[in-house]
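The lines below spell out each chain.
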Amino acid sequence: MALSEQTDVKGLKIEEKMEESQIQKAFAGSTILLTGGTGFLGKLLVEKLLRSCPDVKKIYLLTRPKKNKDIIKRLQEQFDDCLYDKLRKERPDFIQKIQVVDGDVSKIGLGINDEDRKNIINEVEYIFHGAATVRFDEALKTAVLINVRGTREMLVLARACTKLRALVHISTAYSNCPLKEIDEKFYESPLSAEKMIDLVESMDDKTLNTITPGILGEFPNTYAYTKFLAEDIVQKNSYGLPVAVNRPSIVVGTAKEPLLGWIDNVYGPTGVVVGAGVGLIHTLNCDPKAVADLVPGDYVVNSVIAAAWKMARDHPGNHEEAPMDQLPVIYNYVSSEQKPLTWEMFMKYNELYGIETPPLQAVWAYLLILTPNIFFYKFCCLLMHWFPAYVVDGVCFLIGKKLMLRKAYTKIEKFSAVIGYFALRQWKFHNNNTQGLFKEMCGVDREMFDFDIGSLDWNEYHKSYVTGVRQYLLKDPLETIPQAKKKFMRLKFLHYVCTVIFFFLLYKFFSFIFRVIV
């Protein structure tokens, strides 16, 4: 324990024991391997480790070239993001601790060359495996190779690491979504993950795509299914290894750090917030009373780091003459147990603060109807999505402009179908391990690596979340708010005018039909 001196009211010096961060101590001088470092959670994890664990020795980032950009170019663009402003200020030499490893989790051996593999085996103490394809409509073969076989290859590499203290596999709370109640344990798979790997390796794409619906069964998409299979891989290939599984629910923008409301993708509910905010999405097939199990990205990252710390401290394999037959510990990281938030309240918060800070890119007034009734939802889509789309695109066609709205609503309909599965259902999650993990942390770590979802104020959170969506996704600076508010009022007025005209014409139409019939 560190000692510090304080002066009491009488001017006498007293010694007071100050807590040290146990997590900082655990990571001091360590070398880390991280996959998925260019994704949303990966970016936050890299930033948090380098800023809050300043004595980390090195971070290997497994990265593959993408979209005609080499690895170095991608990382330069990543670290130029405002997300890293605080890190640059506090740890200006942080980039020296990052070493890029050319690899691809979809390949055998993770696509790592012999030299890099040797360095990883000899140096790495902590592994965070977060690489995955998060596209819900990904082809089954691609999803299996990345999410399932990639996890197997990572465990093969981990078993070879001579200094390994902890590996955290980042899964999802919905890896067992066909169940209604989900505990912090593994669930058996009817078809083993190894057999699924063999199947996709041996079968042609056309046949595999044809039989995919039958393979998925009750699973809504290839993402949830392959994350389920990845856990089967972890369960059956991790004996003797210090492995933990973190299952976050729906990850949204940051709550506290390093920036309020930072987010860089439009997945899930954030896509609805963006679409409704700019006046494109006006209805969603959703149960307003169901719980929206949302968790802030920075809280998730803190829980992942804490899980690695505990595993490094407690795993029998990290101690001499200890048994090595324990299964990995699973942490369900959800908000529904300690801080439930319904979809209705989620959208009300977004409407409240969205009206205060409307986006300048809005094309129509805000209007969003949540309905669990599929027939009413289809009617609303026809009335508020497809009818305006055909009218606007028809006008564009006549004046020689590019047709846009029908294409946009085709994508929106596909997106809505994906999120609808989760917005119409509700699960009972158990998270005793997660709660216990937070309680085991010392006071300074609870503050520095906070993930106590029970203390989160959703009202305060949404103030920064809505602003973050505006700033970091729509690239709309706060200075444009006065201008955007004026545009919002004009669009609102235009919406009311068009609504009155529409119902007047509808009244005239039915009056005419009635007269003809009579």
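Just so it is clear, the model here is predicted, and its values are computed rather than measured.

Draft legend 1. Summary view of the nonpolar core. If you look at the biggest cluster of nonpolar residues, it comprises 143 residues, and the most contacted ones within it are Phe27 and Phe128. Tallying contributions element by element places helix 11 (residues 297–314) first for this core, with eleven residues. If you count residues domain by domain, this core takes at least three from each of domain 1 (22–261 + 294–339 + 427–457) and domain 2 (343–426 + 472–517). Setting aside chain neighbours within four positions, we find Phe128 in contact with Phe27, Ile32, Leu33, Leu34, Thr35, Leu45, Leu49, Val168, Val304, Ile305 and Ala308.

Draft legend 2. Fine view of the domain arrangement of the chain. Under the domain assignment, the chain is made up of domain 1 (22–261 + 294–339 + 427–457) and domain 2 (343–426 + 472–517). Relative to domain 2, the C-alpha centre of domain 1 lies at a distance of 37 Å. Each side of the interface is counted separately: domain 1 has 17 residues, and domain 2 has nine residues. Among the residues of domain 1 in contact with domain 2, Phe136, Leu294 and Trp427 are the three that bury the most area, contributing 43% of the side total. Linking domain 1 with domain 2 are one salt bridge. A salt bridge links Lys414 to Asp137, with the nearest nitrogen and oxygen atoms 2.9 Å apart. Counting across the interface, domain 1 meets domain 2 through one residue pair in polar contact (both at pLDDT 80 or more). The residue makeup of the side of domain 1 that touches domain 2, split by class, is eleven nonpolar, two polar and four charged.

Draft legend 3. Examining the UniProt feature "transmembrane region" (unreviewed entry) in the chain more closely. UniProt records the feature "transmembrane region" (unreviewed entry) at residues 375–399 and 493–517, using the numbering of this structure. Annotated as residues 375–399, this span is 96% helix and 0% strand, and its ends, taken at the C-alpha atoms, are 35 Å apart. Span residues 493–517 is 100% helix and 0% strand, its end C-alpha atoms 36 Å apart.

Draft legend 4. Structural view of the layout of surface pockets. Within this model, the second largest pocket holds a volume of roughly 710 Å³. Lining the second largest pocket are 22 residues; nearest its centre among them are Trp364, Leu383, Phe387, Pro388 and Cys498. Per-element tally for the lining of the second largest pocket: the top contributor is helix 18 (residues 481–517), with eight residues. For the lining of the second largest pocket, the class distribution of residues is 18 nonpolar, four polar and no charged.

Draft legend 5. How the structure looks around helix 13 (residues 374–398). The end-to-end C-alpha separation of helix 13 is 34 Å, in line with the 36 Å expected for 25 residues at 1.5 Å each. Largest kink in helix 13: about 35°, centred on Leu382. Within helix 13, burial applies to Tyr377, Cys380, Cys381, Met384, His385, Trp386, Ala389, Asp393 and Cys396. Elements in contact with the buried residues of helix 13: strand 11 (283–285), strand 14 (369–371) and helix 14 (405–423). Where helix 13 terminates, the next one or two residues include Gly400, which has phi positive at roughly 80°.

Calculation criteria
Residues numbered from 1 in each chain as written. Predicted model: local features only at pLDDT ≥ 70, side-chain atom pairs only at ≥ 80, totals over all residues. Heavy atoms only, no water. Core = buried A, V, L, I, M, F, W, Y, C linked by side-chain atoms within 4.5 Å. Buried < 20%, exposed > 50% of the residue type's maximum accessible area, 1.4 Å probe, protein only. Helix = DSSP H or I, 4+ residues; strand = E, 2+ residues; numbered from the N terminus. Domains from an automatic or database assignment. Contact = heavy atoms within 4.5 Å. Buried area = accessible area lost by both parts, 1.4 Å probe. Salt bridge = Lys/Arg side-chain N within 4 Å of Asp/Glu carboxyl O. Polar contact = N/O pair within 3.5 Å; in protein donor to acceptor, adjacent residues only side chain to side chain. Nonpolar A, V, L, I, M, F, W, Y, C, P; charged D, E, K, R; others polar. UniProt positions renumbered as here; feature names shortened; annotations may be inferred. 1 Å grid on protein atoms, 1.4 Å probe; cavity = no way out; pocket = protein on both sides within 12 Å on 5 of 7 lines; lining within 4 Å. Points joined across faces, edges and corners; volume = space filled by probe spheres on them. Expected span 1.5 Å × (residues − 1). Bend = angle between axes of the 7 residues up to and from the residue.

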